[in-house]
Amino acid sequence: MFKTNAGRFFEDYAIGDVIHHAVPRTVSGGERALYHALYPARHALYSSDTFARASGLPESPLDDLAAFHVVFGKSVPDISLNAVANLGYAEGRWLKPVYAGDTLRSVSEVIGLKQNSSGKTGVVYVRTSGVNQNDEPVMQFVRWVMVRKRDEHATAPETVVPELKGTLDISDLVIPDGLDFTNYDTTLSGEPHRWDDYRIGEKIDHVDGVTVEEAEHMMATRLWQNTAKVHFDATHRDDGQRLIYGGHVISMARALSFNGLANAQMIVGLNGGAHANPCFSGDTVRAWSEVLDKADTDAPSVGAVRMRLVAYKGDAAFQLKQENGKYMAQVLLDLDYWAVMPK
């Protein structure tokens, strides 16, 4: 009997499959400290219990993307262990803050399948939910992954491509209970710019850059228990390089965006995202943002802002796609998200 897990291949999935992922994980202040050690993360709501309490929360929650990485990582052994690449995201919602002491687990449902024309791989669409110890959903997102086939000659399943929202409506977003920016302190947050100071169409160069190191990437994949072979095993790619985990690029870009968006405190929605080109050790990641939309919320003095966050390498600020619609080679990440900001 085989006791080891070789991971699922494309032909192992079926529409409607519900997969309960191992292993639940209790998070603590250690996750926050490690997250802030890996990334230059400085948003005040996630850094200070005192600031969080002044904003109506019981304490500082775990960074939104740290919670995302925990939930995402749980799904990897069952969804993307044999992935070629994680292709995109949609309909991501943060439903409840995650605090130290919470225990998170993940559940995924297969909602789409499409074999690629080569017959060697296929795309698997899943909706993954993160659930806490009280069986309360804390987040949910859709992602699609290119996965290898075990047998190129295996019969392709019927193609099902789910219809997904291109943009979440403001009514889809969940503002944390009690969040109140009435007494928001911009001196402590690091910048004076509030919701009213940003205009739709405005672009922000976040100026700073960070060179990605192999050691920090490996620490991140271990921390989030992301066991995808392309991140761990240098023999798994023809070029002999380990692919930098896409979540590592997301968090790096989000942290860099503090310079210009220090008051975009919490990510509450993920409209879409694409890992446009691979990132490898030695690449220097930079970022720019564009304001796509703004909306009011029912929470006191809390506005929502929709941002495009682009991570790139080289000198490609404010560049995105070629005339043929394909991403430019320097672009690493194109992320479309909603965040809350003081008015």
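All of these numbers come straight from a predicted model, not from anything done at the bench.

The rules behind these values
Residues numbered from 1 in each chain as written. Predicted model: local features only at pLDDT ≥ 70, side-chain atom pairs only at ≥ 80, totals over all residues. Heavy atoms only, no water. Helix = DSSP H or I, 4+ residues; strand = E, 2+ residues; numbered from the N terminus. Rg over C-alpha atoms; globule rule 2.2 N^0.38 Å. Buried < 20%, exposed > 50% of the residue type's maximum accessible area, 1.4 Å probe, protein only. Contact = heavy atoms within 4.5 Å. Areas by Shrake-Rupley, 256 points an atom, 1.4 Å probe, with all protein chains shown as cover. Lys, Arg positive; Asp, Glu negative; His and termini not counted. Charge placed at Lys NZ, Arg CZ, Asp CG, Glu CD. Polar contact = N/O pair within 3.5 Å; in protein donor to acceptor, adjacent residues only side chain to side chain. Phe/Tyr/Trp six-rings, centres within 6.5 Å; stacked < 30°, edge-to-face > 60°. Lys NZ or Arg CZ within 6 Å of the ring centre and 35° of its normal. Axes fitted to C-alpha atoms, helices over the stretch in contact; angles between N-to-C directions. Parallel < 35°, antiparallel > 145°, perpendicular 65-115°, else oblique. Nonpolar A, V, L, I, M, F, W, Y, C, P; charged D, E, K, R; others polar. Salt bridge = Lys/Arg side-chain N within 4 Å of Asp/Glu carboxyl O. Core = buried A, V, L, I, M, F, W, Y, C linked by side-chain atoms within 4.5 Å. Pairing = 2+ DSSP bridges.

S.K.: Would you mind going over the overall build of the chain with me for this structure?
M.R.: Looking only at helices and strands, the chain has nine helices and 10 strands in total. In terms of C-alpha radius of gyration, the chain reaches 20 Å, essentially the compact-globule figure of 20 Å for 343 residues. Within the span of the chain, comprising 343 residues, buried residues form 52% of the whole. Excluding contacts between residues fewer than 6 apart, the proportion of contacts in the chain whose partners are at least 24 apart in sequence is 78%. Accessible surface, the chain as shown: approximately 14,500 Å² in total, 49% of it carbon and sulfur. Taking the 34 positively charged and 44 negatively charged side chains of the chain as two groups, their mean positions are separated by 4 Å.

S.K.: What's the story with the side chain of aspartate 336 in this structure? I'm lost.
M.R.: With respect to the helices and strands, aspartate 336 occurs in strand E10 (residues 331–342). What makes aspartate 336 buried here is its relative accessible area of 14%. A polar atom in the side chain of aspartate 336 sits 2.5 Å from the side chain of arginine 306. Discounting residues that sit within four places of it in the chain, aspartate 336 has contacts with Leu270, Asn271, Gly272, Leu292, Arg306 and Met307.

S.K.: Where do I start with the packing of aromatic side chains in this structure?
M.R.: Per the stated rule, a full pass over the model turns up 12 aromatic pairs. Aromatic pair phenylalanine 68 and phenylalanine 141: ring centres 4.9 Å apart, planes at 55 degrees, arrangement tilted. Of this pair, phenylalanine 68 sits in helix H4 (residues 64–79) while phenylalanine 141 sits in strand E5 (residues 137–148), placing them 73 residues apart in sequence. Assessed through its relative accessible area of 1%, phenylalanine 141 is described here as buried. Ring centres of phenylalanine 72 and tyrosine 245 lie 5.9 Å apart, and the angle between their planes is 45 degrees; on these two criteria the pair is classed as tilted. In this pair, phenylalanine 72 sits in helix H4 while tyrosine 245 sits in the loop between helix H7 (229–232) and helix H8 (246–256), placing the two residues 173 residues apart along the sequence. Take phenylalanine 72: its relative accessible area is 3%, and that puts it in the buried class. Three or more aromatic residues joined by ring pairs form one cluster here, namely Phe68, Phe72, Tyr89, Trp94, Phe141 and Tyr245. The residue whose ring lies beneath arginine 143 is phenylalanine 72, and the NZ or CZ to ring-centre distance is 4.1 Å. The ring centre of tryptophan 195 lies 4.7 Å from the NZ or CZ of lysine 343, which sits over that ring.

S.K.: When you look at the packing of H4 against H8 in this model, what are you seeing that I'm missing?
M.R.: Packed helices, taken two at a time, are described by the angle between their axes plus the distance between the axes. For the pair H4 and H8, interaxial distance at closest approach is 10 Å and the crossing angle is 175 degrees. Comparing the axis directions of H4 and H8 gives the class roughly antiparallel. Contacts between H4 and H8 pair Asp64, Leu65 and His69 from the former with Gly247, Ile250, Ser251 and Arg254 from the latter. Split by residue class, the contact of H4 with H8 holds two nonpolar, three polar and two charged.

S.K.: Even after reading the chapter, I still don't get the pattern of salt bridges, so can you show me in this structure?
M.R.: Side chains carrying opposite charge are able to pair once their charged atoms draw close together. For the structure shown, the criterion picks out 14 salt bridges. Measuring nitrogen to oxygen at the nearest pair gives 3.0 Å for the salt bridge that ties glutamate 31 to arginine 25. With respect to burial, glutamate 31 and arginine 25 carry one shared label: buried. Across the pair aspartate 239 and arginine 237 runs a salt bridge whose closest N-O atoms are separated by 2.8 Å.

S.K.: How should I be thinking about unusual backbone geometry in this particular structure?
M.R.: In this structure, valine 23 follows alanine 22 across a cis peptide bond, with omega equal to 0 degrees. One non-glycine residue, valine 207, lies in the positive phi region at around 70 degrees. Assignment of secondary structure puts valine 207 in strand E6 (residues 203–211). Overall, the relative accessible area of 55% leaves valine 207 in the exposed class. Residues other than glycine seldom take positive phi values, yet glutamine 225 does so here, at roughly 55 degrees.

S.K.: Explanation requested: the side chain of serine 108 in the structure shown.
M.R.: By secondary structure assignment, the location of serine 108 is in strand E3 (residues 103–115). At 2.6 Å, the side chain of serine 108 forms a polar contact with the side chain of threonine 128. In this structure serine 108 touches Asp17, Val18, Ile19, His21, Ser75, Ile79, Val126, Arg127 and Thr128, once residues within four positions along its chain are discounted.

S.K.: It is not clear to me how the nonpolar core should be interpreted in this structure. Could you clarify?
M.R.: Soluble globular proteins tend to bury their nonpolar side chains together. One finds Tyr39, Phe68, Met139, Trp224, Leu261, Val285 and Tyr337 to be the most contacted residues of the largest nonpolar core, which totals 58 residues. In terms of residue count, the dominant contributor to this core is H4 (eight residues). When near neighbours in sequence (up to four residues on either side) are disregarded, phenylalanine 68 contacts Tyr89, Trp94, Met139 and Phe141. Within the second largest apolar cluster, 21 residues are counted, among which are Tyr184, Ala295, Ala299 and Val340.

S.K.: So what exactly am I meant to see when it comes to the sheet that holds E6 here?
M.R.: In any sheet, the strands associate via hydrogen bonds between backbone groups, in a parallel or an antiparallel arrangement. Within the open sheet, the 10 strands sit side by side as E1-E3-E4-E5-E2-E7-E10-E9-E8-E6. Their pairing is antiparallel. In this open sheet, the two strands that pair with only one neighbour each are strand E1 (18–26) and E6. Within this sheet the neighbouring strands show an average axis-to-axis angle of 25 degrees, counted without direction. Where strand E2 (residues 83–94) and strand E7 (residues 266–275) come together, five bridges link them in antiparallel fashion. Its bridge partner lying in E7, alanine 90 is registered against glycine 272.

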